[in-house]
Amino acid sequence: MKRRNNDSGRLERLLADGWKAGGGARPDDLWQAGVMARVRAAAATPEPAWSNGAGRLALRISIAAAAAAAILVAWTLAGGLIPYEELAMKALDEPLSMIIGSPFV
């Protein structure tokens, strides 16, 4: 307990001396050199292209699209393919009319 009070008193004295000096606390040269070395090391190793948000966004969108496609396939199979059989047969018989024809005929 006494040691804590001694440490806090020492810290208060150091802070008071720094305040009275007017210059404030300044980091030493060794600390500044360490910071600059870390900055240079970070600048020397650029981030890979996949680390930005675009790659993760594309992955999430593709997963959502695949899930939506799987749900639509399951829904179509559960409902049956009979209503679509006529449409498929018409597309095979007259493909040009299906492409440029009216969808409501």
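Residues numbered from 1 in each chain as written. Predicted model: local features only at pLDDT ≥ 70, side-chain atom pairs only at ≥ 80, totals over all residues. Heavy atoms only, no water.

**Student:** Report on the overall build of the protein chain, specifying residues and quantitative values.
**Tutor:** Along the backbone of the protein chain there are five helices and zero strands. If you list the helices and strands of the protein chain from N to C, you get α-α-α-α-α. For the protein chain, the proportion of its 105 residues judged to be buried stands at 1%. Accessible surface computed for the protein chain: about 9900 Å², of which carbon and sulfur atoms make up 67%. (Helix = DSSP H or I, 4+ residues; strand = E, 2+ residues; numbered from the N terminus. Buried < 20%, exposed > 50% of the residue type's maximum accessible area, 1.4 Å probe, protein only. Areas by Shrake-Rupley, 256 points an atom, 1.4 Å probe, with all protein chains shown as cover.)

**Student:** Please set out a nonpolar patch on the surface residue by residue, giving values where relevant.
**Tutor:** A surface patch of nonpolar side chains, about 660 Å² in accessible area, is lined by Y84, L87, L96, M98, I99 and I100. Elements represented by at least two residues in the nonpolar patch include exactly α4 (82-93) and α5 (95-100). With four residues, α5 is the single largest residue contributor to the nonpolar patch. The topology assignment puts I100 in helix α5. Judged by relative accessible area, which is 65%, I100 ranks as exposed. (Patch = residues over 30% accessible without salt bridge, like charges linked within 9 Å, V, L, I, M, F, W, Y side chains within 5 Å. Salt bridge = Lys/Arg side-chain N within 4 Å of Asp/Glu carboxyl O.)

**Student:** How would you sum up the environment of D28? Please name residues and give values.
**Tutor:** Of note, D28 is situated in the loop between α1 (2-21) and α2 (29-44). Taking relative accessible area as the criterion, D28 reaches 45% and is therefore assigned partly exposed. Polar side-chain contacts of D28 include one of 3.2 Å to the backbone nitrogen of W31. (Polar contact = N/O pair within 3.5 Å; in protein donor to acceptor, adjacent residues only side chain to side chain.)

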